[in-house]
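Close look at the chain arrangement
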Amino acid sequence: MHLIIPSECHLRVFVTAKQEVFEFYDNAEYMLHRHTFSYGESIIQLLESWKETDEPLLQEAYEYLKKRAQVGEENMVEWNEILFRFQHVNNPFLYLLVIQLAPLLLKSFYDIDPAIVTDFRKELDKVRTDAHTLLFDCLNPETVDICRRYWEIWGHTPMRLPSIRAELLPARTRAAYNGWISPAENTDPEYLYNTQQEMILAEVCYPRSVQELYVFLKSTYLRRAVRFKECRLCGKLFAATDGDRTEYCSREYEKGKTCREVGASRVYQKKLLGNPITRAYSRAYKTHNARIRYGTMTREEFNAWTEEAKKHRDACQTGEISLEHFEEWLKQ
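Model, not experiment: these values are computed from the prediction. (Residues numbered from 1 in each chain as written. Predicted model: local features only at pLDDT ≥ 70, side-chain atom pairs only at ≥ 80, totals over all residues. Heavy atoms only, no water.)

Bringing the nonpolar core into the picture now. Counting residues in hydrophobic clusters, the biggest one holds 57 residues, and the most contacted among them are Phe86, Phe93, Leu134 and Phe228. In terms of residue count, the dominant contributor to this core is helix α5 (residues 115-138) (8 residues). Not counting chain neighbours up to four residues away, the residues in contact with Phe228 comprise Gly40, Ile44, Leu135, Leu139, Asn140, Pro141, Tyr221, Leu237, Phe238 and Ala239. With 10 residues, the next largest nonpolar core counts Ala280, Ala284, Ala309 and Trp329 among its residues. (Core = buried A, V, L, I, M, F, W, Y, C linked by side-chain atoms within 4.5 Å. Buried < 20%, exposed > 50% of the residue type's maximum accessible area, 1.4 Å probe, protein only. Helix = DSSP H or I, 4+ residues; strand = E, 2+ residues; numbered from the N terminus. Contact = heavy atoms within 4.5 Å.)

Here it is, written out as structure tokens:
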């Protein structure tokens, strides 16, 4: 059974020591679901995956509104299903469109202008342009002075933060399984107090527009000096705070292993295999090692060949023999 989008809803956003937390509440102040990101992940996804994930959904909503000039009770279920799919995407910015459209569901036979989606797209485009400068320029690891660079780029257009509240929040927030549609963890201050959980006093944003949400996140990154790097293994952006010198992101790379877990060894292997001398030696080594399994070479013979092959490899590396001579020897 699909969830019916509440007529009035709001987004609650805050940033902990390691996470960005997005919570969706209905008009009765009941938290329906939560999505958590690591630092910078929400903005990175806004830049990297919008064509594949965001645009098809926005186009679907636009085409529906364009086709049905009047959305009434007879097709409210169909319309709710379109809005509900917005909860399955990783981009929390799209949830702001749900907040804008949800109240219109109460009004039977009410004309909903498709321009709502068009204007929303334009706001996303503006944010992407600014975010690209923020991540690749101002918060680039090579930027020496973030504050000075910020002034050079945006000094004459200062940020106007949305209405910010200081609220008590849990000191640690669990990541929700499967994103938005997961059961939510209780973050009500009274509940936290009564259950004696550790709390922190933090800034909380209740954005009503794409710009408000972006400015809140942007100001947080700037104040915390979050740096955005390109992962040396997968090449995608990730955020690193001061003191975090890692060159690899925490995305899954292969078989449950992240780039951070296997990055150094994989980059080293790529570097070695990029060397034609090492590549020729590695190929011959695997061929001779297989002969042991097939019974055409003994372990002693293989060890002796390996010692001799290493001498030829090292001689080739120092230029004593040519690559062609080394490859001919390997074929013997």
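The next thing to look at is the pattern of salt bridges. Opposite charge on two side chains permits them to pair, given that their charged atoms come into close proximity. Overall, the coordinates contain 12 salt bridges when judged by the stated rule. Its salt-bridge partner being Arg223, residue Glu203 comes within 3.2 Å of it at the nearest N-O pair. Taken together, the positions of Glu203 in strand β7 (residues 199-205) and Arg223 in helix α8 (residues 210-223) put the pair 20 residues apart, joining distant regions of the chain. The partly exposed category is assigned to Glu203, whose relative accessible area is 41%. Salt bridges here are not isolated pairs; linked through shared partners, they connect Arg12, Glu23, Arg165 and Glu167. (Salt bridge = Lys/Arg side-chain N within 4 Å of Asp/Glu carboxyl O.)

In this structure, the largest pocket encloses a volume near 730 Å³. Of all the secondary structure elements, the ones that give two or more residues to the lining of the largest pocket are α1 (41-48), α2 (50-67) and β9 (237-240). Per-class residue counts for the lining of the largest pocket are 9 nonpolar, 10 polar and 9 charged. (1 Å grid on protein atoms, 1.4 Å probe; cavity = no way out; pocket = protein on both sides within 12 Å on 5 of 7 lines; lining within 4 Å. Points joined across faces, edges and corners; volume = space filled by probe spheres on them. Nonpolar A, V, L, I, M, F, W, Y, C, P; charged D, E, K, R; others polar.)

This part covers the sheet that holds β7. In space, the 5 strands of this open sheet follow the order β3-β2-β1-β7-β6, with antiparallel pairing throughout. Pairing within the sheet leaves two strands with one partner each, and these edge strands are β3 (31-38) and β6 (164-170). Each adjacent strand pair in this sheet contributes to an overall mean axis angle of 30 degrees, direction not counted. Pairing between strand β1 (residues 9-15) and strand β2 (residues 19-26): 7 bridges, direction antiparallel. Bridge pairing in β2 places Val13 opposite Phe22. Contacts from α1 reach β2 and β3 within the one sheet, and its direction differs from that of β3 by about 85 degrees. Contacting β1, β2, β6 and β7, α8 runs over the sheet at an angle of about 5 degrees to β1. (Pairing = 2+ DSSP bridges. Axes fitted to C-alpha atoms, helices over the stretch in contact; angles between N-to-C directions.)

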